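# Structural overview
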Amino acid sequence: MIATLLTLFAVGLLSIVALGIIFSIVGAVFSLTLGVASVLLFKVAPLVLIGWVVLKLINRNRPAGQLSAADRQWLESD
């Protein structure tokens, strides 16, 4: 009777420790994912947006579909 109770206690204790380890790993991965997402959203995305706007403003004067002489030379070179 005592041996059965001690076995159940040991199994319960090991399962609690295992769940704690699993939850800590899942929490670390979730935290890392949120950290990377926040860096991409708040630091990288604004820079990309500013670069895109600047390129659109620069290319506003050029008609669509027309290549510059340097671009044409680069495409035709082997």
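Look up: the structure comes first, before these words.
Before going into details, it helps to say that this report is about the structure given with it. Since the model is a prediction, treat every value here as computed from it, not as a measurement. (Residues numbered from 1 in each chain as written. Predicted model: local features only at pLDDT ≥ 70, side-chain atom pairs only at ≥ 80, totals over all residues. Heavy atoms only, no water.)

A separate point is the overall build of the chain. Check the secondary structure of the chain and you find two helices and zero strands. Considering only C-alpha atoms, the chain reaches an extent of 90 × 35 × 15 Å along its principal axes. (Helix = DSSP H or I, 4+ residues; strand = E, 2+ residues; numbered from the N terminus.)

Next up on the list: a nonpolar patch on the surface. On the surface, F9, L13, V17, I21, I25 and V29 cluster together into a nonpolar patch covering about 590 Å² of accessible area. Relative to the elements of secondary structure, V17 occurs in helix α1 (residues 2-58). Under the relative-accessibility criterion, V17 is labelled partly exposed at 44%. (Patch = residues over 30% accessible without salt bridge, like charges linked within 9 Å, V, L, I, M, F, W, Y side chains within 5 Å. Areas by Shrake-Rupley, 256 points an atom, 1.4 Å probe, with all protein chains shown as cover. Salt bridge = Lys/Arg side-chain N within 4 Å of Asp/Glu carboxyl O. Buried < 20%, exposed > 50% of the residue type's maximum accessible area, 1.4 Å probe, protein only.)

It is worth spelling out α1 at this point. Here α1 contains 57 residues, and its C-alpha end-to-end distance of 82 Å stays within 8% of the 84 Å for a straight helix at 1.5 Å per residue. V44 marks where α1 bends most, by close to 35°; the proline P46 follows one to four residues later. (Expected span 1.5 Å × (residues − 1). Bend = angle between axes of the 7 residues up to and from the residue.)

The next thing to look at is the environment of R72. Within the secondary structure layout, R72 lies in helix α2 (residues 69-76). In this structure R72 comes out as partly exposed when scored by relative accessible area, which is 38%. Separated by 66 residues in the primary sequence, R72 and L6 place their C-alpha atoms 81 Å from one another.

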